[in-house]
Amino acid sequence: MTSAARTARSSSRKNPRPQGAGAEGSGEQLLKIGEAAKVLGVEAYVLRFWETQFPFLRPRHAHSKHRFYGAQDLQTLRLIKRLLHEERFTIEGAKKYIREVGLEHALSAKPGAAAAHLEAPGAGHAAGATGASRASGAGSDSARRALAEVRRELESLHKLLED
């Protein structure tokens, strides 16, 4: 075997890109998990974990089981990172937000829009006081009463335990 053939063979082992993708395929640049993690500023295990938590996050896999992330995957990962790290969502909260508004809308939303969505559910539909907003005000009154009742009960239990 010539040295050129050996070099080509060893480089193909080091960088096994999925067939039909990459520079010679569709023109889309695919990144390995470590490369994608570096671009995003997180560790590779974080990306693996996010894959288990967000079912719509499915990178391509090579025959060698290596993960390859395309531009759309990176955009989705940036959204997840923004929701979790910058906007301080829990994983469940981020899943709920994406489920409610849809992945495409979430990807196109400006940073901070997710928090505004959760702070004012239904507020984007109409300006001013509506029947829905009045109903939510009535709901908060009953919630306050329920919490006050629970507090009174806890205080009485606390007094019993002190004696």
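Report follows, based on the coordinates. (Residues numbered from 1 in each chain as written. Predicted model: local features only at pLDDT ≥ 70, side-chain atom pairs only at ≥ 80, totals over all residues. Heavy atoms only, no water.)

Before going further, it helps to spend a moment on the overall build of the chain. The number of helices and strands found in the chain is eight helices and three strands. Along the chain, from the amino end to the carboxyl end, the secondary structure elements read α-β-α-α-β-β-α-α-α-α-α. Within the chain, the fraction of its 163 residues that count as buried is 27%. A separation threshold of at least 6 residues defines the contact pool for the chain, and within that pool the share at least 24 residues apart is 53%. Of the accessible surface of the chain, which amounts to about 11400 Å², a share of 55% is contributed by carbon and sulfur atoms. (Helix = DSSP H or I, 4+ residues; strand = E, 2+ residues; numbered from the N terminus. Buried < 20%, exposed > 50% of the residue type's maximum accessible area, 1.4 Å probe, protein only. Contact = heavy atoms within 4.5 Å. Areas by Shrake-Rupley, 256 points an atom, 1.4 Å probe, with all protein chains shown as cover.)

This part covers the sheet that holds strand β2 (residues 60-61). Within a sheet, neighbouring strands are paired by backbone hydrogen bonds and run either parallel or antiparallel to one another. Here three strands make up an open sheet; going across it, the order is β1-β3-β2 and the pairing antiparallel. Each edge of the open sheet carries a strand with a single partner, namely β1 (31-32) and β2. Relative to strand β3 (residues 67-69), β1 runs antiparallel, the two being bridged by two bridges. If you follow L31 over to β3, its bridge partner there is Y69. (Pairing = 2+ DSSP bridges.)

This paragraph deals with helix α4 (residues 71-86). Helical geometry note: an α-helix holds 3.6 residues per turn, so side chains three or four residues apart project in the same direction. The end-to-end C-alpha separation of α4 is 21 Å, in line with the 22 Å expected for 16 residues at 1.5 Å each. Buried residues of α4: D73, L74, T76, L77, L79, I80, R82, L83 and L84, and no others. Of the residues flanking the end of α4, it is R88, one or two places downstream, whose phi is positive at about 60 degrees. (Expected span 1.5 Å × (residues − 1).)

A separate point is helix α5 (residues 91-101). Within the span of α5, buried status applies to G93, A94, Y97, I98 and V101. Within α5, the buried residues cover an arc of 130 degrees as seen down the axis, which keeps them to one side. Residues of α5 that are exposed and point over 90 degrees away from its buried face: E92 and R99. Directly beyond the C-terminal end of α5, a positive phi value near 90 degrees is found at G102. (Arc of directions from axis to C-beta.)

All right, on to the nonpolar core then. Ranked by size, the top nonpolar core spans 28 residues in total, and within it L47, W50, L77, L83 and Y97 carry the most contacts. No other element matches α4, which puts six residues into this core. Leaving out residues up to four positions away in the same chain, W50 has contacts with V42, L57, L77, I80, K81, L84 and H85. (Core = buried A, V, L, I, M, F, W, Y, C linked by side-chain atoms within 4.5 Å.)

Within the secondary structure layout, D73 lies in helix α4. Polar side-chain contacts of D73 include one of 3.0 Å to the backbone nitrogen of G70. Ignoring sequence-local partners within four residues, the contact set of D73 consists of L57, R58, P59 and F68. (Polar contact = N/O pair within 3.5 Å; in protein donor to acceptor, adjacent residues only side chain to side chain.)

Now for the packing of helix α2 (residues 33-40) against helix α3 (residues 44-53). Each packed pair of helices is defined by two parameters, the angle between the axes and the distance between the axes. Contact geometry of α2 with α3 gives a least axis separation of 8 Å together with a crossing angle of 100 degrees. With respect to each other, α2 and α3 are oriented roughly perpendicular. Residues I33, A36, A37 and L40 of α2 form the contact with α3, whose own contacting residues are A44, L47 and R48. (Axes fitted to C-alpha atoms, helices over the stretch in contact; angles between N-to-C directions. Parallel < 35°, antiparallel > 145°, perpendicular 65-115°, else oblique.)

This part takes up unusual backbone geometry. Despite not being glycine, K65 shows a phi value in the positive range, around 75 degrees. Among the structural elements, K65 can be located in the loop between β2 and β3. A relative accessible area of 66% places K65 in the exposed class. Positive phi values are uncommon outside glycine, yet R88 reaches one of about 60 degrees.

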